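Here are the chains, one letter per residue:
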Amino acid sequence: MARELHGSIVVPGERLGSKVEGKHPYTLDMGGVKVATVIGLLSKRDDKNVFINLKGVYMPEVGHIVIGLVESIAITSWQVDINSPYQAVLPAHDFLGRPFNPATDDLSRYLKPGDYIKAKIVLFDKTRNPVLSVQGDGLGRIVSGFIVDVSPSKIPRVIGRKRSMINMIEEKTGCTLFPAVNGRVHIECPNKELEMIVIMALKLIEAEAHTIGLTERVAKFIEEERARRGV
Amino acid sequence: MGGKTQVRLIDENGLRHDGRRFDELRPIRMQVGVLANATGSALVEYGRTKVLAAVYGPREPFQKYMVLPDRAILRVRYHMAPFSTTERKSPAPSRREIELSKVIREALEDIVLLTEYPRTVIDVFVEVLQADGGTRVAGVTAASLALADAGIPLRGLVAGVAVGKINGVLVLDLDEVEDSMGEADMPIAGAPDLGLITLFQLNGVLTEEEVEKGLSMAWSAIEKIVAMEKEVLRSKFEAVGEEA
């Protein structure tokens with residue numbers, strides 16, 4: 001049996017009505033009527049009609065904390081994939097926290113292609129690529145754990161209302177999770193079995209983000225998996 | 001191999017060689033999310049015509065010189081697989097394929113919100129797996145579905161269909177036999193939600209009245225095909241939790 005949904009599924013080009021809240025560019029105002037531009041869910045939240053996109057591309061915004069994958073090393077910076085249409089730049093002086101001399105410093109000693117970093121977007125305006133900074137609490141190279149890719153539009157559901165989903169997963173598995181807005185989740189678990197359970201739980205959330213009773217189903221899934229694997 | 005056999009395009013009951021009425025579409029099947037590696041994908045069948053579309057991006061192009069400062073570039077490649085026709089088709093892009101790539105791109109450009117992703121490229125690959133007439137219009141339908149599946153903002157969904165003339169009668173959704181033996185072929189694509197025609201071609205000769213009638217037949221069919229597209233996209237999310 002199909003799951004019960006939080007609202008009705010809307011597809012591109014469908015009219016949503018005039019009093020619907022939705023983010024640009026996932027809804028467009030066409031002659032006073034909001035129109036969906038991507039597949040989404042039209043639901044009621046606190047007496048308001050809200051459009052939640054179920055598909056979408058991650059667009060960087062200044063202030064976002066993202067998980068980036070170092071792709072290449074330039075002369076004075078690293079090129080970082082942040083799962084967006086634009087490749088980000090992490091300046092070497094920012095990472096090192098001191099003036100940088102390309103003649104004496106070898107950037108590959110600090111970050112290599114394939115490394116993951118947690119960074120903040122400090123500059124971006126669509127006319128130039130995002131600039132990252134690792135100056136801040138908890139930012140920098142990710143040295144342990146595992147990164148799981150989830151659709152960026154499902155990250156709010158991974159977190160849950162008032163962090164309900166993430167708190168439940170952390171409590172039931174003993175793992176710590178950091179979901180970044182760009183669709184990457186950093187997980188650190190006591191062992192590989194629990195790590196696998198969390199990855200499967202995240203994939204379940206991604207597939208069923210728009211359905212009712214998901215937190216309970218994920219909790220049940222984790223309990224069953226733990227019992228089955230004996231962890 | 002034997003010689004060419006003459007096919008009766010329309011019989012005494014007014015039915016076409018495959019039993020369809022003059023205004024009847026071939027059976028249409030659609031599937032989305034068929035390729036895991038693509039951002040979005042779709043497989044569309046108009047009768048025996050099978051077209052696969054895959055969308056990648058928006059992403060920074062490898063050739064940086066080609067970017068536009070104010071919008072994304074939509075790149076479309078229409079290609080017929082070597083095994084898509086009865087005789088092997090050379091895999092090299094032909095003049096026709098280059099033209100149809102342009103035509104399909106122009107049929108989609110008006111509905112994709114390209115200004116949301118300046119300096120990027122959106123790649124649409126339209127691969128004809130089996131050709132039996134109407135590949136460009138099936139390609140437009142598949143590309144529209146794949147773009148929606150990729151989560152790229154669209155003003156509306158587009159679908160295409162061809163109208164042709166055989167034995168002096170206007171018919172909808174021509175197959176290969178009708179296309180090659182008929183008198184005219186008029187592929188049309190449009191976005192019913194926007195009231196927009198995005199592709200209109202005519203090969204052969206039709207009178208003004210025939211064009212008008214053909215357009216009206218095509219438009220009703222396009223509305224039906226777009227309704228099918230919406231149903232396929234919706235069912236992907238509504239069917240969550242259903243046993244396979």
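Residues numbered from 1 in each chain as written. Chains lettered and ligands numbered in written order. Predicted model: local features only at pLDDT ≥ 70, side-chain atom pairs only at ≥ 80, totals over all residues.

Chemist: I tried to follow the overall build of chain B on my own but got confused; where do I start?
Modeler: Check the secondary structure of chain B and you find four helices and ten strands. Along its sequence from the N terminus, chain B presents helices and strands in the succession β-β-β-β-α-β-α-β-β-α-β-β-β-α. For 244 residues, the compact-globule estimate of 2.2 N^0.38 gives 18 Å, and the C-alpha radius of gyration of chain B, at 18 Å, lies within 12% of that figure. A principal-axis box enclosing the C-alpha atoms of chain B has dimensions of 55 × 40 × 40 Å. (Helix = DSSP H or I, 4+ residues; strand = E, 2+ residues; numbered from the N terminus. Rg over C-alpha atoms; globule rule 2.2 N^0.38 Å.)

Chemist: Got a minute to help me understand the overall build of chain A in this structure?
Modeler: For chain A, the helix and strand inventory stands at five helices and 16 strands. Its C-alpha atoms give chain A principal-axis dimensions of roughly 60 × 55 × 25 Å. Out of the 231 residues in chain A, the part that is buried amounts to 39%. Expressed as a percentage of contacts within chain A between residues at least 6 apart in sequence, the contacts between residues at least 24 apart total 58%. (Buried ≥ 20, exposed ≤ 12 C-beta atoms within 10 Å, placed from the backbone. Contact = placed C-beta atoms within 7 Å.)

Chemist: Explain the domain arrangement of chain A here, please?
Modeler: Often the size quoted for an interface is simply the accessible area lost on bringing the parts together. What the domain assignment lists for chain A is domain 1 (8-53), domain 2 (65-141) and domain 3 (146-229). If you average the C-alpha positions of domain 1 of chain A and of domain 2 of chain A, the two centres end up 36 Å apart. (Domains from an automatic or database assignment.)

Chemist: Can you help me understand the nonpolar core in this one?
Modeler: If you look at soluble globular proteins, the nonpolar side chains tend to sit buried side by side. Core analysis: the biggest nonpolar cluster contains 86 residues, and Ala-53, Ala-142, Ala-143 and Ala-146 of chain B have the highest contact counts within it. Of all hydrophobic cores here, the second largest spans 42 residues; its members include Ile-82, Ile-117, Ala-119 and Ile-155 of chain A. (Core = buried A, V, L, I, M, F, W, Y, C linked by C-beta atoms within 7 Å.)

Chemist: Looking at this structure, how should I read the packing of helix 2 (residues 135-149) of chain B against helix 4 (residues 208-238) of chain B?
Modeler: Between two packed helices, the angle of one axis relative to the other and the distance separating the axes together describe the packing. All names here are of chain B. Put simply, helix 2 and helix 4 touch, their axes get as near as 11 Å, and they point 30° apart. When the axes of helix 2 and helix 4 are compared, the crossing they make is right-handed. Residue-level contacts link Thr-141, Ser-144, Leu-145 and Ala-148 of helix 2 to Ile-225, Glu-229, Val-232 and Leu-233 of helix 4. Considering only residue class, the contact of helix 2 with helix 4 consists of five nonpolar, two polar and one charged. (Axes fitted to C-alpha atoms, helices over the stretch in contact; angles between N-to-C directions. Left-handed = near helix turned anticlockwise from the far one by under 90°. Nonpolar A, V, L, I, M, F, W, Y, C, P; charged D, E, K, R; others polar.)

Chemist: What am I meant to see in helix 1 (residues 95-109) of chain B here?
Modeler: Residues and elements named next belong to chain B. With 15 residues, helix 1 should cover 21 Å at 1.5 Å per step; its first-to-last C-alpha distance of 21 Å lies within 8% of that length. If you check which residues of helix 1 are buried, you get Leu-100, Ser-101, Val-103, Ile-104, Arg-105, Ala-107 and Leu-108. Contacts made by the buried residues of helix 1 are with strand 4 (73-80), strand 5 (121-130), helix 2, strand 6 (159-166), strand 8 (184-191) and strand 9 (196-200). (Expected span 1.5 Å × (residues − 1).)

Chemist: Help me understand the sheet that holds strand 7 (residues 48-53) of chain A in this model?
Modeler: Residue and element names in this part refer to chain A. With respect to topology, four strands assemble into an open sheet ordered 1-6-7-3, the strand pairing being mixed. A strand with exactly one partner marks an edge of an open sheet, and here the two such strands are strand 1 (8-10) and strand 3 (20-21). In this sheet, strand 6 (residues 40-45) lies alongside strand 1 in antiparallel orientation, the contact comprising three bridges. When the bridges of strand 6 are listed, Val-10 appears paired with Gly-40. (Pairing = 2+ DSSP bridges.)

Chemist: Hey, could you run me through the interface of chain A and chain B in this one?
Modeler: Contacts between chain A and chain B engage 26 residues on the former and 27 residues on the latter. In terms of residue class, the side of chain A that touches chain B is made up of 16 nonpolar, six polar and four charged.

Chemist: I would appreciate a short explanation of the confidence of the model for chain B in the present structure.
Modeler: Regions with low pLDDT should not have their predicted coordinates read in detail. Model confidence for chain B is summarised by a mean pLDDT of 93, while 96% of its residues fall at 70 or above. Two numbers describe this predicted complex: its pTM, 0.93, and its ipTM, 0.90. (pLDDT = per-residue confidence, 0-100.)

Chemist: Honestly, helix 4 (residues 192-208) of chain A in this entry has me stumped. Any pointers?
Modeler: Structural remark: α-helix, 3.6 residues per turn; residues separated by three or four positions point the same way. Residues and elements named next belong to chain A. For helix 4, spanning 17 residues, the distance from its first C-alpha to its last is 24 Å, which sits close to the expected 24 Å at 1.5 Å a residue. Taken as a whole, helix 4 has its buried residues at Leu-194, Ile-197, Val-198, Ala-201, Leu-202, Ile-205 and Glu-208. Along the axis of helix 4, the buried residues cluster in a sector spanning 145°; they form a single face. Along its buried surface, helix 4 packs onto strand 14 (146-149), helix 2 (155-159), helix 3 (164-173), strand 16 (184-188) and helix 5 (214-229). (Arc of directions from axis to C-beta.)

Chemist: Please clarify how the pairing of strand 15 (residues 176-180) of chain A should be interpreted in this entry.
Modeler: The side chains of a regular strand alternate between the sheet's two faces. Sheet topology note: the strand 15 of chain A/strand 16 of chain A ladder contains five bridges and is antiparallel. From the neighbouring strand, Leu-177 of chain A faces strand 16 of chain A, where its bridge partner is Ile-187 of chain A.

Chemist: When you look at the sheet that holds strand 16 of chain A in this model, what are you seeing that I'm missing?
Modeler: The pairing of strands in a sheet comes from backbone hydrogen bonds and takes either a parallel or an antiparallel form. Residues and elements named next belong to chain A. Spatial ordering of the open sheet is given by 14-16-15, a layout of three strands whose pairing is antiparallel. Edge strands, defined here as strands with exactly one partner in the open sheet, are strand 14 and strand 15. Here the average twist between neighbouring strands, direction ignored, is 20°.

Chemist: Just to check I follow, could you spell out the environment of Ser-84 of chain B for this structure?
Modeler: Residue and element names in this part refer to chain B. Position of Ser-84 relative to the elements: it lies in the loop between strand 4 and helix 1. Placed 154 residues apart in sequence, Ser-84 and Glu-238 show a C-alpha to C-alpha distance of 33 Å. If we skip the residues at most four places from it in the chain, Ser-84 touches Lys-89, Val-128, Leu-129, Gln-130 and Ala-131.

Chemist: How should I be thinking about the packing of helix 1 of chain B against helix 2 of chain B in this particular structure?
Modeler: Residues and elements named next belong to chain B. Helix 2 packs onto helix 1 with a crossing angle of 45° between their chain directions and a minimal axis gap of 10 Å. Between helix 1 and helix 2, the angle is such that the two are oblique. Our pair here, helix 1 against helix 2, has a crossing hand that is right-handed. Along the contact surface, helix 1 presents Leu-100, Val-103, Ile-104, Ala-107 and Leu-108, while helix 2 presents Arg-136, Gly-139, Val-140, Ala-143 and Ser-144. Considered class by class, the residues forming the contact of helix 1 with helix 2 number seven nonpolar, two polar and one charged. (Parallel < 35°, antiparallel > 145°, perpendicular 65-115°, else oblique.)

Chemist: I tried to follow the pairing of strand 4 of chain B on my own but got confused; where do I start?
Modeler: Sheet analysis places strand 4 of chain B next to strand 5 of chain B, joined by eight bridges and oriented parallel. Looking at strand 5 of chain B, one finds that Arg-77 of chain B is bridged to Phe-125 of chain B.

Chemist: Got a minute to help me understand unusual backbone geometry in this structure?
Modeler: Here His-24 of chain A and Pro-25 of chain A are connected by a cis peptide whose omega angle stands at 5°. Here Pro-25 of chain A shows up in the loop between strand 3 and strand 4 (27-30). Each neighbour pair has its own omega, and for Gly-57 of chain B with Pro-58 of chain B the value is 5°, a cis peptide bond. Mapped onto the fold, Pro-58 of chain B is located in strand 3 (residues 49-59).

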